[in-house]
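Geometric and topological summary
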Amino acid sequence: MGDLTQQWSERIQSAATSGQALRWRGGGSKDFYGQQLAGEIVDTRGHCGIVAYEPSELVITARSGTALRDIEAALAGEGQILGFEPPHFGPQANNATHATHATLGGCIAAGLSGPRRAAVGAVRDFVLGLRLLDGAGRMLKFGGQVMKNVAGFDVSRLMAGSLGTLGLFLDISLKVLPKPRAELSLRFEMPQCNALDTLNGWAGKSLPISASCWCAEELVVRLSGAHTAVDAARRQLGGEALHTAEATACWTGWREQQADFFAGELPLWRLAVPSVVPPLQLHGEQLIEWGGSLRWLKSGAAAESIRQAAAQVGGHATLFRAAQDRKQEAGVFHPLPHQMLALQRRIKHSFDPHGICNPGRMYREF
Amino acid sequence: MTKHRQHQATHEQDFSDVGRAAFLRSLLAELASVVPRQALLSAPEELKAYECDALSAYRRMPLAVVLAEDEQQVIAVLQTCHRLGVPVVARGAGTGLSGGALPHPHGVLLSLAKMKKILHLDPVARVAVVQPGVRNLAISEAAAAHGLYYAPDPSSQIACSIGGNVAENAGGLHCLKYGLTVHNVLRARVVTIGGEIIELGNHALDAPGLDLLALTIGSEGLLAVVTEVTVKLTPKPELAQLILASFRTVEAAAAAVAAIIAAGIIPAGLEMMDKQATAAVEPYVHAGYDLDAEAILLCESDGTAEEVAEEIATMRAVLERCGASSLRVSTSEAERLKFWAGRKAAFPAVGRISPDYYCMDGTIPKKRLAEMLKAIAAMEKKYGLRCANVFHAGDGNLHPLIMYDAAIAGELQRTEAFGAEILELSVRLGGTITGEHGVGYEKIGAMCVQFSADELAAFHRIKAAFDPQGLLNPGKAVPTLHRCAELGGMHVHRGKLPFPELERF
């Protein structure tokens with residue numbers, strides 16, 4: 001447990017005065033993500049610890065440098081989970097000794113959600129409140145530790161996925177969920193177009209589907225909920241049931257991008273599209289999550305063609321993993337319309353008037 | 001926490017020097033050139049209908065009302081007002097409970113109520129694209145044929161509009177499980193005060209850049225005007241069942257709420273009513289509530305038949321263990337709706353037994369429920385006023401209904417002091433001054449209690465990023481520090497500040 005608020009505030013104030021760019025960093029598990037890494041590192045791992053956890057309130061509050069695995073372990077002890085099932089992209093085992101583990105702050109800043117996202121919501125949906133130091137070193141608290149709170153603008157949700165560009169998080173309060181009583185994964189042999197139709201059809205029914213993944217002509221869905229509900233859905237859907245260990249390995253592999261699909265040197269694209277969009281005719285292999293809404297593409301195709309394909313169907317494409325020169329050339333995040341970019345720059349400026357917080361991590365322009 | 005460090009840069013603009021009559025003529029002429037004759041109201045008798053929203057204690061006449069018929073008219077009105085420096089207050093169905101749609105005396109009231117088309121409903125993609133004036137319930141009605149519905153269900157859902165829901169981040173009876181408006185809106189098309197169209201979100205599950213959709217939902221009309229909304233539709237649960245449980249003490253009922261959550265269940269609905277509330281409701285709707293109970297709980301489960309059976313059995317066991325004095329499980333849809341009818345009629349029922357009532361909207365951690373109820377009971381004695389309590393117990397959102405008679409001198413003032421004390425306690429217990437009704441005009445003073453000077457300044461900078469001149473709904477939701485100081489005097493009671501132990505500035 002450590003509280004570095006005062007120290008950090010002074011460091012930010014002095015950086016603001018000198019114009020020194022700062023880069024917040026926990027375990028560095030997501031250093032690969034974003035447009036660029038710039039600025040003097042502020043290591044968040046010393047500012048750690050669970051500040052409050054009340055299982056019957058469904059709320060946990062922890063400092064930003066707290067290891068995600070420590071939070072998940074505390075929740076597991078009470079039969080609860082982080083609903084958005086975040087990827088760590090770092091070692092997760094409790095016995096891992098190296099300090100490259102994902103932190104809560106990084107998890108919120110990256111705003112990346114895992115397999116359960118389509119069923120229960122994204123990181124931002126679970127953020128209830130947050131304290132941060134803005135780019136002038138001012139401590140600001142937004143939201144709180146209660147489920148419903150509409151006092152003031154919902155700034156704490158804005159912070160999810162902001163990639164540290166608006167300030168340095170101190171602590172975050174999250175809504176948590178009970179661990180489902182039962183889980184069962186089912187496998188089906190199915191080409192992509194059938195899988196997309198099937199998933200959209202199931203999503204319109206009252207079924208306890210908590211995750212889906214299609215890859216290499218195989219669809220796997222996970223059922224979560226009451227034992228009886230999972231059993232009934234299994235009978236209704238058919239398919240081949242996976243053993244628990246195999247299922248856990250599959251979902252972890254997809255979430256952490258350790259599955260075979262993610263190996264290799266080709267750039268990895270993340271396409272977020274409406275779930276009903278038919279198979280995208282793009283060169284390269286695809287892996288599909290979130291009931292059809294999230295399409296991973298391993299491809300060396302031109303960035304322009306991939307972005308256009310995503311935009312045409314109302315989505316967007318992120319260059320998720322690639323060599324730095326490729327990122328420089330293509331831009332990591334989907335370009336914003338002119339007016340939106342101008343508005344986002346004004347919002348950035350309102351929190352970080354000196355432009356010192358993770359500059360250029362999201363867009364070159366801020 | 002820094003306070004008094006700097007005087008706030010952004011002040012609410014002062015419109016008082018605007019010469020009303022002369023200005024009005026030129027404003028009306030400008031508006032008449034951009035909207036059809038029938039869309040522009042300016043006669044006092046026409047404006048009267050718009051002088052307040054559902055918080056009728058506050059009334060003001062706007063300079064003019066525009067009933068926009070399409071997005072083009074919205075843009076034209078905003079551009080005109082922007083050019084002339086005239087405040088604009090957007091309004092949906094006017095069912096808000098915090099005065100968010102209270103007109104500005106030197107401004108235009110922009111009603112979106114005529115924009116009420118459901119533009120597109122896609123049952124396979126499970127989305128509906130609607131105009132802002134579409135009623136909340138109308139979306140669910142349109143989706144019903146496909147076995148789908150729009151989940152957030154504020155008690156005003158029969159009348160309230162989706163645009164207003166977006167402005168207020170409306171909740172409802174089922175939000176512990178299904179979320180608030182922010183969890184159920186995928187996209188909003190908005191117009192800024194400068195007349196620019198901005199698309200927030202999309203039909204995928206996320207959008208590039210900062211999440212301005214989340215920021216805009218619940219922004220109470222201060223950032224932009226919504227002209228189109230895409231909502232997520234949810235499959236209708238196969239079955240819903242309700243347990244009605246009675247308790248001899250409010251402490252036992254509150255403990256049962258925590259025990260249900262601790263048992264790993266997220267009920268579809270979890271409501272509490274105290275004895276005063278059931279006593280008000282029962283003669284009015286005959287819901288079958290136990291009038292001897294100090295508190296009753298309504299616990300709903302929904303989902304597949306199997307899921308519901310399992311959850312109901314678990315909740316039943318928990319409630320019995322927690323000392324429920326009686327317990328009934330709905331055996332039919334009709335009975336479930338009858339049990340709900342009492343809860344849903346709580347506000348009008350209290351309105352029947354008291355000439356006036358003041359509805360509060362604090363949220364506290366669930367574990368403090370019993371403490372809050374005890375404190376409210378003590379406040380009833382202190383202020384000599386009755387208070388019926390209904391709670392969204394699952395998420396700690398309280399709606400104490402303070403009963404008073406405005407015709408009796410001093411009762412309104414006592415009521416306001418009573419309410420202020422409840423809000424003070426909400427903040428002190430780790431909660432908030434508003435769970436779902438919004439700050440609006442009503443709670444602008446209480447905002448000064450919950451937020452520091454730096455935080456309020458941050459809100460103003462966000463507003464300025466969207467609306468540099470401060471023309472959209474000025475004087476609502478976020479107080480200026482100047483205003484905080486002024487309003488500090490408004491709730492002074494017997495020479496004491498209502499929250500003497502809390503930071504003031």
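Residues numbered from 1 in each chain as written. Chains lettered and ligands numbered in written order. Predicted model: local features only at pLDDT ≥ 70, side-chain atom pairs only at ≥ 80, totals over all residues.

What follows concerns the overall build of chain B. Helix and strand counts for chain B come out as 18 helices and 18 strands. For a compact globule of 505 residues, the expected C-alpha radius of gyration is about 23 Å, and chain B comes in at 23 Å, within 12% of that figure. Projecting the C-alpha coordinates of chain B onto the three principal axes gives extents of approximately 70 × 60 × 45 Å. Counting every position in chain B, which comprises 505 residues, the buried fraction comes to 58%. (Helix = DSSP H or I, 4+ residues; strand = E, 2+ residues; numbered from the N terminus. Rg over C-alpha atoms; globule rule 2.2 N^0.38 Å. Buried ≥ 20, exposed ≤ 12 C-beta atoms within 10 Å, placed from the backbone.)

Regarding its fold elements, chain A presents 12 helices and 17 strands. Here the C-alpha atoms of chain A give a radius of gyration of 21 Å, agreeing with the 21 Å that 2.2 N^0.38 yields for 366 residues. Put simply, chain A has 366 residues, and 55% of those count as buried. Across chain A, contacts joining residues at least 24 apart in sequence account for 69% of those joining residues at least 6 apart. (Contact = placed C-beta atoms within 7 Å.)

With that out of the way, let us pick up the domain arrangement of chain B. All names here are of chain B. Each assigned domain of chain B is listed with its residue range as follows: domain 1 (20–111), domain 2 (118–235), domain 3 (239–341) and domain 4 (349–487). Each of domain 3 and domain 4 has a C-alpha centre, and these two points are 27 Å apart. Contact residues are listed per partner, giving 18 residues for domain 3 and 18 residues for domain 4. Every element with two or more residues in the side of domain 3 that touches domain 4 is listed here: helix H9 (250–262), strand S13 (269–274) and helix H10 (275–285). For the side of domain 3 that touches domain 4, the leading source of residues is H10, giving 6 residues. (Domains from an automatic or database assignment.)

Residue and element names in this part refer to chain B. The 5 strands lie next to each other as S5-S6-S10-S8-S9, forming an open sheet whose pairing is antiparallel. Looking at strand neighbours, the two that pair on one side only are strand S5 (118–122) and strand S9 (197–201), the edges of this open sheet. Averaged over all pairs of adjacent strands, the angle between strand axes in this sheet comes to 10°, irrespective of strand direction. Of the pairings in the sheet, the one linking strand S8 (residues 185–191) to strand S10 (residues 225–232) comprises 6 bridges and is antiparallel in character. Paired with Val 185 across the strands is Val 231, a residue of S10. (Pairing = 2+ DSSP bridges. Axes fitted to C-alpha atoms, helices over the stretch in contact; angles between N-to-C directions.)

Looking now at helix H10 (residues 303–312) of chain A. Residues and elements named next belong to chain A. Among the residues of H10, those classed as buried are Ile 306, Arg 307, Ala 309 and Ala 310. Taken down its axis, H10 places every buried residue within 160° of arc, on the same side. Exposed side of H10, more than 90 degrees from the buried face: Glu 304, Gln 308 and Gln 312 are the residues found there. Those residues of H10 that are buried lie in contact with strand S14 (268–272), strand S16 (294–298) and strand S17 (316–321). Two residues or fewer after H10 comes Gly 314, characterised by a positive phi angle close to 85°. (Arc of directions from axis to C-beta.)

By a widely used convention, the size of an interface equals the accessible area lost when the partners come together. All names here are of chain A. If you check the domain split of chain A, you get domain 1 (5–178), domain 2 (182–255) and domain 3 (264–330). In this complex, domain 1 contributes 6 residues to the contact, which on the side of domain 2 involves 6 residues. Of the residues assigned to the side of domain 1 that touches domain 2, the class counts are 3 nonpolar, 1 polar and 2 charged. (Nonpolar A, V, L, I, M, F, W, Y, C, P; charged D, E, K, R; others polar.)

All names here are of chain A. Reading across from one edge, S3-S4-S8-S6-S7 is the order of the 5 strands in this open sheet, with antiparallel pairing throughout. Because the sheet does not close on itself, it has two edges, and the strands there are strand S3 (50–54) and strand S7 (139–143). If you compare each strand with its neighbour and ignore which way they point, the axes differ by 10° on average. Examined bridge by bridge, strand S6 (residues 127–133) and S7 share 5 bridges and lie antiparallel to one another. The residue bridging Gly 129 from the neighbouring strand is Gly 143, located in S7.

Take the environment of Glu 304 of chain A next. Residues and elements named next belong to chain A. Within the secondary structure layout, Glu 304 lies in helix H10. When the 9 C-beta atoms within 10 Å are taken as the criterion, Glu 304 is described as exposed. Glu 304 sits 26 residues away from Ala 330 along the chain, and the two C-alpha atoms are 7.9 Å apart.

This part takes up the interface of chain B and chain A. Each partner contributes to the interface: chain B provides 79 residues, whereas chain A provides 69 residues. Residue assignment for the side of chain B that touches chain A shows that the elements contributing at least two residues are helix H6 (175–178), helix H7 (181–184), helix H8 (212–216), H9, helix H11 (305–321), helix H16 (444–450) and helix H17 (453–466) of chain B. The leading source of residues in the side of chain B that touches chain A is H17 of chain B, at 7 residues. Taken together, the residues of the side of chain B that touches chain A sort by class into 37 nonpolar, 24 polar and 18 charged.

Residues and elements named next belong to chain B. The predicted model of chain B averages 91 in pLDDT, with 92% of residues at 70 or higher. Below pLDDT 50 for its whole length, residues 1–14 participates in 28 contacts with residues either more than four positions away or in separate chains. Model confidence for the complex: the whole-complex pTM is 0.94, and ipTM, which rates the interface, is 0.97. (pLDDT = per-residue confidence, 0-100.)

Time to look at the environment of Thr 249 of chain B. All names here are of chain B. One can find Thr 249 in the loop between strand S12 (239–247) and H9. Take Thr 249: there are 15 C-beta atoms within 10 Å of it, and that puts it in the partly exposed class. C-alpha of Thr 249 to C-alpha of Ala 407: the two residues are 158 residues apart in sequence and 34 Å apart in space.

Residues and elements named next belong to chain B. In strand S4 (residues 108–111), alternate side chains face the same way, and those of Val 108 and Leu 110 on one face and Leu 109 and Ser 111 on the other are all buried. In this structure, strand S3 (residues 88–91) lies alongside S4, joined through 4 bridges in parallel fashion. The partner of Val 88 across the bridge, within S4, is Val 108.

What follows is about the packing of H9 of chain B against helix H14 (residues 369–383) of chain B. Residues and elements named next belong to chain B. Their axes nearest at 8 Å, the elements H9 and H14 cross at an angle of 150°. The angle between H9 and H14 places the two elements in the roughly antiparallel class. For H9 against H14, the interelement crossing comes out right-handed. Residues Val 250, Glu 251, Ala 254 and Val 257 of H9 form the contact with H14, whose own contacting residues are Leu 369, Ala 370 and Leu 373. Broken down by class, the residue content of the contact of H9 with H14 amounts to 6 nonpolar, no polar and 1 charged. (Parallel < 35°, antiparallel > 145°, perpendicular 65-115°, else oblique. Left-handed = near helix turned anticlockwise from the far one by under 90°.)

Our focus in this paragraph is helix H15 (residues 411–428) of chain B. Residues and elements named next belong to chain B. Counted at 1.5 Å a residue, the expected span for H15 with its 18 residues is 26 Å, and the 26 Å between its end C-alpha atoms agrees. The complete set of buried residues in H15 reads Thr 415, Ala 417, Phe 418, Gly 419, Ala 420, Glu 421, Ile 422, Leu 423, Glu 424, Leu 425 and Ser 426. Against the buried residues of H15 lie strand S16 (356–359), H14, strand S18 (397–404) and H16. At the exit of H15 stands Gly 430, carrying a positive phi of roughly 95°. (Expected span 1.5 Å × (residues − 1).)

Residue and element names in this part refer to chain A. By the secondary structure assignment, Arg 222 is in strand S12 (residues 218–225). Residues Arg 222 and Arg 346, 124 residues apart in the sequence, show an inter-C-alpha distance of 42 Å. When neighbours within four sequence positions are excluded, Arg 222 is seen to be in contact with Glu 183, Ser 185, Ser 210, Ala 211 and Trp 251.

Right, let's talk about the nonpolar core for a bit. All names here are of chain B. Core analysis: the largest hydrophobic core is formed by 267 residues, its most contacted members being Leu 110 and Val 257. Top contributing element to this core by residue count: H9, with 9 residues. Leave out the neighbours within four places in its chain, and Leu 110 touches Val 66, Ala 68, Val 74, Val 77, Val 88, Val 89, Ala 90, Arg 91 and Val 225. (Core = buried A, V, L, I, M, F, W, Y, C linked by C-beta atoms within 7 Å.)

Residue and element names in this part refer to chain A. Even without a glycine there, the phi angle at Glu 85 is positive, about 50°. At Gln 257, a residue that is not glycine, the phi angle is positive and equals roughly 60°. Of note, Gln 257 is situated in the loop between helix H9 (244–255) and S14.

For the rest of this paragraph, the subject is the packing of helix H1 (residues 20–32) of chain B against helix H3 (residues 71–84) of chain B. All names here are of chain B. Put simply, H1 and H3 touch, their axes get as near as 10 Å, and they point 150° apart. When the interaxial angle is binned, H1 and H3 end up roughly antiparallel. For the pair H1 and H3, the crossing hand works out as right-handed. Touching Leu 27, Glu 30 and Leu 31 of H1 are Val 77, Thr 80 and Leu 84, all from H3. Of the residues belonging to the contact of H1 with H3, the class tally is 4 nonpolar, 1 polar and 1 charged.

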